[in-house]
Amino acid sequence: MCGIAGIMYKHKGAGKETGETLINMLDCIQHRGPDSTGFALYGDQHYGKLKLRFYVGYEQDNSAIDQIKQAFEKHGASLVEEEHIGENYRAVVNFTGDLQKFAYAMENSSPKATVVSIGESLDIIKDVGGAHDVDGRYDVANFTGTHAIGHVRLATESDVKPEAAHPFWATGFSDVAIVHNGQITNYWKMRRRLERRGFEFRTSNDSELVAVYLAEKMAKGEPLKEALKNAIDDLDGTFSFLVSTKDEIGYAKDHLAAKPMIMFENDDLIAIASEEVSLNRLFPGEALDTHEPPPGSYATWSKST
Amino acid sequence: MVKIDLAKVSVREANEKLRELGEKGESAEIINPDARHHLGVGLTAPINVKIKGSAGYFCAGLTDQAHFDVEANVGWGVGDNMYTGSVVVRGNAGAIPGVAIRGAEIVIHGNMGSRAGQVMKEGTLCCLGNANFMAGYMMYGGRIIILGDSGERLGEDMSAGEIYVAGDLISMGSDAKQVDLEQSDDESVREFLDRYKIPFKGNLKKVMNAGTKLRYAKSEEQVRSIPFFTFSGTSDYWNSKIQEDIHIKSQIGRYRVRGYGGARPLPHFNDISFRKDITHAGNDPDVVSKVEMTTEVGGKYGANPLKLSMPVMIAPMSYGALSRSTKQAIAMASAMSNIAENTGEGGMSDAQRDAADQLIFQMLGGRLGWNIHDMQRADGLEIYISQGAKPGFGGQLMAKKVTKELATIRGIPEGIDLRSPSRHPDILGADDLVIKVEELREATGYRVPVSVKLGAGRVRDDIKIAYKDGFDFVELDGMQGSTGAGGAEVAEYVGIPTIAAISEALEALEEIDASGKLEIILMGGMRDGIDVVKSLALGAHAAAVGTSVLIAGGCIACMQCHVGQCVTGIATQDPEHEKRYKPEVEAKNIHRYLEGVRWQIASLTHALGHKSVHDLSRDDLVALTPEAAEMTKLPYAPEFRDRDATVRAKVS
């Protein structure tokens with residue numbers, strides 16, 4: 001019940017305004033999901049360090065943030081940079097240990113906080129309201145980088161709250177994010193399978209499942225493309241989703257193709273969205289040579305290095 | 001040629017401008033379209049529109065006589081429901097191009113998306129590139145020409161029409177088969193291609209319906225009907241009804257089909273009563289003038305609301321399930337009582353339109369009888385998602401009722417067992433639905449309310465979607481609501497009782513802080529004004545009556561509505577049977593019944609101490625059974641069990 005969009009600039013050191021671009025693309029399809037809007041943005045300023053975003057609310061007292069900082073210390077992460085922006089606490093730390101363990105520990109660092117994203121490159125920003133509302137609260141427009149994916153959501157089966165907004169971070173895996181339009185019908189079966197292998201889930205949202213599913217495959221050394229191919233076989237339901245990592249973006253679409261998706265590619269960029277109107281916003285007035293991914297298809301793009 | 005710049009004006013303004021230009025016979029060019037939705041929707045004049053770029057969803061949708069030329073691509077549903085006229089798309093088309101067309105010509109130079117020509121009735125859809133899966137899905141007529149490859153499952157469940165493919169036949173759909181190409185077919189296709197200046201030298205293959213699924217293999221043996229009260233009897237085990245079912249299934253080898261809704265004992269309005277002692281109800285002869293009953297429906301976003309003289313309207317029932325005379329009588333009665341009538345599935349007749357003062361026009365997944373002209377003369381538009389007797393299933397109309405006249409209105413072949421699609425081609429989620437709603441508003445200049453009819457299934461989610469997608473009101477139908485034909489087990493076991501449905505709906509609105517912000521018209525087994533008052537007190541904005549209106553007009557509740565030989569002339573298309581039904585007489589009977597309902601509503605509201613029906617509230621009610629208390633969260637008061645019978649005796 002949503003709209004999705006993604007953008008990747010192909011050239012090295014692109015440093016493009018991915019924030020601004022994605023705001024525009026999502027604004028065009030806001031009718032598909034007026035409840036909340038989210039962005040997964042990839043920048044290269046913090047390679048070698050770890051960026052964390054927590055949802056802490058607007059509360060004035062800093063108890064949640066203090067508890068998070070204590071957890072940093074306890075798990076050997078040293079704070080480099082921090083900021084309380086909107087309802088988020090953003091921190092940059094030096095950390096070299098087991099990321100999955102560290103991530104689960106961060107999830108439990110404070111009863112008042114939840115992890116939004118963790119990665120060297122990834123920042124997830126999501127909240128209730130439209131693309132411009134969220135930008136106003138979190139300054140998305142000034143974000144530069146190589147690629148980004150985003151989502152507008154119409155909440156049906158779960159609440160309207162920031163935690164239920166997309167994108168979803170693959171809990172426990174650095175830099176993996178997903179935006180998804182559709183419904184996974186074998187959610188519980190797949191979730192139990194992953195839980196038996198020790199993975200934790202933060203929500204009952206099927207999109208988190210897709211993220212963790214893909215991240216697990218990649219952690220085992222499978223290329224993203226292979227993981228997407230398997231996802232189409234393993235996941236039941238109707239879906240179009242975009243996934244992103246530090247260096248790649250990709251999509252998968254189920255065999256029923258009930259959830260729309262359309263893409264445009266030229267020498268500079270690849271743009272994908274639920275509706276062509278988002279792509280045309282990047283090229284006003286032009287008749288674009290777009291392409292609709294066939295049912296049951298998947299593909300990935302890497303940024304040049 | 002007048003230029004309209006979509007970088008400067010909204011789609012709504014552009015469409016208004018196009019309508020003006022159409023009236024004057026001028027051509028238009030749309031620049032900077034940038035794939036916006038609903039371009040040209042609702043045009044009914046012979047106008048040429050050039051679109052310089054890409055168009056979004058439903059380009060040229062719901063139009064007649066207009067001609068469109070799109071320079072680049074189009075989104076989903078190009079030419080939706082188009083009558084005459086044409087669209088030429090120079091780029092690619094998204095899913096369901098040519099959906100439900102009724103005569104238009106649509107030419108796509110690039111590739112086209114899945115389910116091309118779904119439920120199309122007449123006209124030609126031509127694609128120069130490749131088609132995606134299920135082209136011709138459930139088509140009822142017309143022609144699809146694919147010069148590239150066919151895609152998978154070509155012609156899936158088509159009922160009629162022709163598909164021509166020049167490239168590879170990738171795979172055939174259910175009930176489709178390749179047939180020999182006649183010379184006249186070949187000439188006709190080439191004449192079409194020549195007319196659109198499409199060079200073609202290849203050979204064509206022809207695909208048509210294989211005829212294996214148009215009718216049920218065996219019909220049910222006619223048996224003496226079991227009266228409703230026996231039918232709904234108290235023992236589940238081996239009673240005469242169960243035996244009859246087993247006997248008939250042993251002959252036909254499939255589920256049974258019947259009319260009416262859930263008949264087994266279920267929590268209903270009888271299990272709710274009034275908290276206050278109102279044994280004095282009915283004593284005041286002049287009570288109708290003392291209670292405010294007028295009810296407006298559907299005005300929340302600025303459309304012209306329906307204006308009902310009491311919080312009651314007629315539930316949607318189709319011309320098809322019912323005879324034309326019955327629909328006419330109901331329309332007449334609705335006007336006499338100054339409430340609204342509803343077309344149900346299958347189109348609007350002139351007699352019905354003329355007779356009804358206020359008429360809601362319903363759109364179903366098969367788009368049977370749906371068209372721009374009747375939309376524009378309706379007082380409300382309604383998207384049917386499902387109905388209480390069979391949530392999640394499509395309508396059934398047995399061959400006996402699919403007469404030539406009826407088939408023409410619906411745009412389908414005569415004499416098939418019509419199983420209407422259970423899904424809309426272009427509504428696959430809340431996100432698509434919002435775009436569809438907007439299309440209907442564009443087509444009618446935002447003048448009339450757009451509502452949604454929901455069968456009680458996943459009420460909580462559905463109501464939230466209805467609210468968020470901006471419907472003007474909801475018609476919510478519980479499982480006691482009837483159907484003209486539905487699977488027997490479905491009617492008994494799939495839906496949710498009416499009192500549970502309204503309770504869940506109101507809880508859902510509360511969960512999203514929308515209490516009181518969405519008008520819900522409750523239906524599903526409303527027998528009288530007492531049920532209506534209880535519905536209003538539970539939180540419904542109004543109630544709708546269907547079966548009771550049929551009974552007022554002579555229905556004997558034999559539940560054989562599906563057979564088509566209704567002895568009272570109500571549920572039949574047989575002229576000999578229909579003769580027995582006198583619309584003028586029955587309209588008066590129905591009107592008197594409706595006035596009885598009015599008096600009951602007034603008496604009870606007055607006795608409960610209210611001046612207006614809109615002051616009724618949950619505080620007026622108690623639940624008489626634990627089940628009803630659980631469903632409605634009303635206080636459980638078994639000590640009041642006698643009271644309801646007393647009230648019923650006083651106001652009946």
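Observations concerning the interface of chain A and chain B
Line of reasoning, step 1. Taken together, the 32 residues of chain A in the interface contact 31 residues of chain B.
Line of reasoning, step 2. In total, chain A and chain B occlude about 2,200 Å² of area from one another, counting both sides; carbon and sulfur atoms represent 51% of this.
Line of reasoning, step 3. Put simply, chain A and chain B have four salt bridges between them.
Line of reasoning, step 4. Residue K259 of chain A is joined to D431 of chain B by a salt bridge in which the shortest nitrogen-to-oxygen separation is 3.6 Å.
Line of reasoning, step 5. Counting the contacts that link chain A with chain B gives 13 residue pairs in polar contact (both at pLDDT 80 or more).
Line of reasoning, step 6. No other element matches the three residues that helix 8 (residues 276–282) of chain A contributes to the side of chain A that touches chain B.

Thoughts on a positive patch on the surface
Line of reasoning, step 1. Taken together, K189, R192, R193 and R196 of chain A make up a surface patch of like positive charges.
Line of reasoning, step 2. Here R192 of chain A is to be found in helix 5 (residues 187–196).

Overview of the sheet that holds strand 11 (residues 205–209) of chain B
All names here are of chain B.
Line of reasoning, step 1. The strand order across the open sheet formed by eleven strands is 1-2-3-4-5-6-7-8-9-11-10, and the pairing between neighbours is mixed. Each of the sheet's edge strands pairs with one partner strand only, and the pair in question is strand 1 (2–5) and strand 10 (176–179). Going from strand to strand, the sheet's axes swing by 15 degrees on average, the running direction of each strand aside.
Line of reasoning, step 2. Direction of pairing for strand 9 (residues 162–165) relative to strand 11: antiparallel, over a ladder of three bridges. Across the sheet, residue V165 finds its bridge partner in strand 11, namely K205.
Line of reasoning, step 3. Contacting strand 1, strand 2 (28–31) and strand 3 (48–52), helix 1 (residues 11–24) crosses the sheet at an angle of about 170 degrees to strand 1.
Line of reasoning, step 4. With respect to the sheet, helix 2 (residues 183–195) is in contact with strand 6 (102–108), strand 7 (122–127), strand 8 (143–146), strand 9 and strand 11, its orientation differing from that of strand 8 by roughly 70 degrees.

Overview of the packing of aromatic side chains
Residue and element names in this part refer to chain A.
Line of reasoning, step 1. Scanning the entire structure with this criterion turns up 13 aromatic pairs over all chains.
Line of reasoning, step 2. Relative to F72, the ring of F54 lies with its centre 6.3 Å away and its plane at 55 degrees, an arrangement referred to as tilted. With a gap of 18 residues between them, F54 in strand 3 (residues 50–55) and F72 in helix 2 (residues 63–74) connect regions that are remote in the sequence. One exposure class covers both F54 and F72, and it is buried.

Considerations on empty space enclosed by the protein
Residue and element names in this part refer to chain B.
Line of reasoning, step 1. Evaluated as defined, the whole model comprises four cavities of 30 Å³ or more.
Line of reasoning, step 2. Approximately 140 Å³ is the volume found for the largest cavity.
Line of reasoning, step 3. In terms of lining residues, the largest cavity is bounded by 17 residues, among which F231, K241, E244, R256 and Q560 are the most central.
Line of reasoning, step 4. Of all the secondary structure elements, the ones that give two or more residues to the lining of the largest cavity are helix 4 (240–252) and strand 12 (257–258).

Overview of the packing of helix 10 (residues 459–468) of chain B against helix 12 (residues 498–511) of chain B
Angle between the axes and distance between the axes: these two values describe a pair of packed helices.
Residue and element names in this part refer to chain B.
Line of reasoning, step 1. At a minimum axis distance of 8 Å, the contact between helix 10 and helix 12 shows a crossing angle of 55 degrees. Compared by their axis directions, helix 10 and helix 12 come out oblique. Crossing handedness for the pair helix 10 and helix 12: right-handed. Together, V459, R460, I463, K464 and Y467 of helix 10 and A501, E504, A505, E507, A508, L509 and E511 of helix 12 make up the contact between the two elements.
Line of reasoning, step 2. For the contact of helix 10 with helix 12, the residue count by class is seven nonpolar, no polar and five charged.

Structural notes on the sheet that holds strand 19 (residues 380–384) of chain B
Residues and elements named next belong to chain B.
Line of reasoning, step 1. The eight strands are arranged 16-26-25-23-22-19-18-17 in an open sheet whose pairing can be described as parallel. Bordering the open sheet on either side are strand 16 (312–314) and strand 17 (340–342), each of which pairs with just one other strand. If you compare each strand with its neighbour and ignore which way they point, the axes differ by 30 degrees on average.
Line of reasoning, step 2. For strand 23 (residues 473–477) and strand 25 (residues 519–523), the ladder comprises five bridges, and the chain directions are parallel. Bridging across to strand 25, L476 finds its partner in L522.
Line of reasoning, step 3. Its contacts with the sheet place helix 5 (residues 324–336) against strand 16 and strand 17, and it is angled at close to 160 degrees to strand 17.

Things to note about the pairing of strand 5 (residues 88–94) of chain A
All names here are of chain A.
Line of reasoning, step 1. The buried fraction of strand 5 amounts to six of the seven residues, a majority that puts the element mostly inside the structure.
Line of reasoning, step 2. Pairing of strand 4 (residues 78–85) with strand 5 involves seven bridges; the strand directions are antiparallel. Across the sheet, I85 pairs through a bridge with N88, a residue of strand 5.
Line of reasoning, step 3. Hairpin connection, strand 4 to strand 5: the antiparallel pair is bridged by two residues, and G86 has positive phi, about 55 degrees.

Structural notes on the nonpolar core
Residue and element names in this part refer to chain B.
Line of reasoning, step 1. Of all hydrophobic cores here, the largest spans 119 residues; its most connected members are I463 and L594.
Line of reasoning, step 2. Of all the elements, helix 16 (residues 583–607) adds the most residues to this core, at nine residues.
Line of reasoning, step 3. Inspection of this core shows a minimum of three residues originating in each of domain 2 (293–614) and domain 3 (622–652).
Line of reasoning, step 4. Aside from chain neighbours lying at most four places away, what touches L594 is M310, I314, A333, S337, I339, V545 and V549.
Line of reasoning, step 5. One finds A28, F68, A131 and M139 within the second-largest nonpolar core, a separate group that totals 45 residues.

What about the domain arrangement of chain A?
One widely used convention gives an interface's size as the accessible area the parts lose upon coming together.
Residues and elements named next belong to chain A.
Line of reasoning, step 1. With domains assigned, chain A is organised as domain 1 (2–36 + 130–302) and domain 2 (45–120).
Line of reasoning, step 2. Put simply, the middle of domain 1 and the middle of domain 2, counted by C-alpha atoms, are 24 Å apart.
Line of reasoning, step 3. Taken together, the 18 residues of domain 1 in the interface contact 22 residues of domain 2.
Line of reasoning, step 4. When domain 1 packs against domain 2, the two sides together hide about 1,600 Å² of surface, and 55% of this comes from carbon and sulfur.
Line of reasoning, step 5. Along the contact surface separating domain 1 from domain 2 lie two salt bridges.
Line of reasoning, step 6. Between R202 and E107 there is a salt bridge, with the nearest N and O atoms lying 3.0 Å from each other.
Line of reasoning, step 7. In this structure, the connection of domain 1 to domain 2 is made through six residue pairs in polar contact (both at pLDDT 80 or more).
Line of reasoning, step 8. Of the residues assigned to the side of domain 1 that touches domain 2, the class counts are six nonpolar, five polar and seven charged.

Comments concerning the state of the cysteines
Line of reasoning, step 1. Tallied over the full model, the rule gives zero disulfides over all chains.
Line of reasoning, step 2. A disulfide-free cysteine, C28 of chain A has its sulfur positioned 17 Å from the sulfur of C2 of chain A, the nearest such atom.
Line of reasoning, step 3. The thiol sulfur of C59 of chain B is not disulfide-bonded, and the nearest other cysteine sulfur, from C127 of chain B, lies at 16 Å.

Let's talk about helix 10 of chain B
For an α-helix, the turn length of 3.6 residues means that residues three or four places apart are oriented alike.
All names here are of chain B.
Line of reasoning, step 1. In terms of burial, helix 10 is a largely internal element, seven of the ten residues being buried.
Line of reasoning, step 2. Inspection of helix 10 places V459, D461, I463, K464, I465, A466 and K468 among the buried residues, and these make up the whole buried set.
Line of reasoning, step 3. Along its buried surface, helix 10 packs onto helix 9 (430–443), strand 22 (450–455), strand 23, helix 12 and strand 25.
Line of reasoning, step 4. Taken from the residues just after helix 10, G470 is the one with a positive phi, measuring 80 degrees.

Cut-offs used in this document
- Residues numbered from 1 in each chain as written.
- Chains lettered and ligands numbered in written order.
- Predicted model: local features only at pLDDT ≥ 70, side-chain atom pairs only at ≥ 80, totals over all residues.
- Heavy atoms only, no water.
- Contact = heavy atoms within 4.5 Å.
- Buried area = accessible area lost by both parts, 1.4 Å probe.
- Salt bridge = Lys/Arg side-chain N within 4 Å of Asp/Glu carboxyl O.
- Polar contact = N/O pair within 3.5 Å; in protein donor to acceptor, adjacent residues only side chain to side chain.
- Helix = DSSP H or I, 4+ residues; strand = E, 2+ residues; numbered from the N terminus.
- Patch = residues over 30% accessible without salt bridge, like charges linked within 9 Å, V, L, I, M, F, W, Y side chains within 5 Å.
- Areas by Shrake-Rupley, 256 points an atom, 1.4 Å probe, with all protein chains shown as cover.
- Lys, Arg positive; Asp, Glu negative; His and termini not counted.
- Charge placed at Lys NZ, Arg CZ, Asp CG, Glu CD.
- Pairing = 2+ DSSP bridges.
- Axes fitted to C-alpha atoms, helices over the stretch in contact; angles between N-to-C directions.
- Phe/Tyr/Trp six-rings, centres within 6.5 Å; stacked < 30°, edge-to-face > 60°.
- Buried < 20%, exposed > 50% of the residue type's maximum accessible area, 1.4 Å probe, protein only.
- 1 Å grid on protein atoms, 1.4 Å probe; cavity = no way out; pocket = protein on both sides within 12 Å on 5 of 7 lines; lining within 4 Å.
- Points joined across faces, edges and corners; volume = space filled by probe spheres on them.
- Parallel < 35°, antiparallel > 145°, perpendicular 65-115°, else oblique.
- Left-handed = near helix turned anticlockwise from the far one by under 90°.
- Nonpolar A, V, L, I, M, F, W, Y, C, P; charged D, E, K, R; others polar.
- Core = buried A, V, L, I, M, F, W, Y, C linked by side-chain atoms within 4.5 Å.
- Domains from an automatic or database assignment.
- Disulfide = S-S within 2.5 Å.

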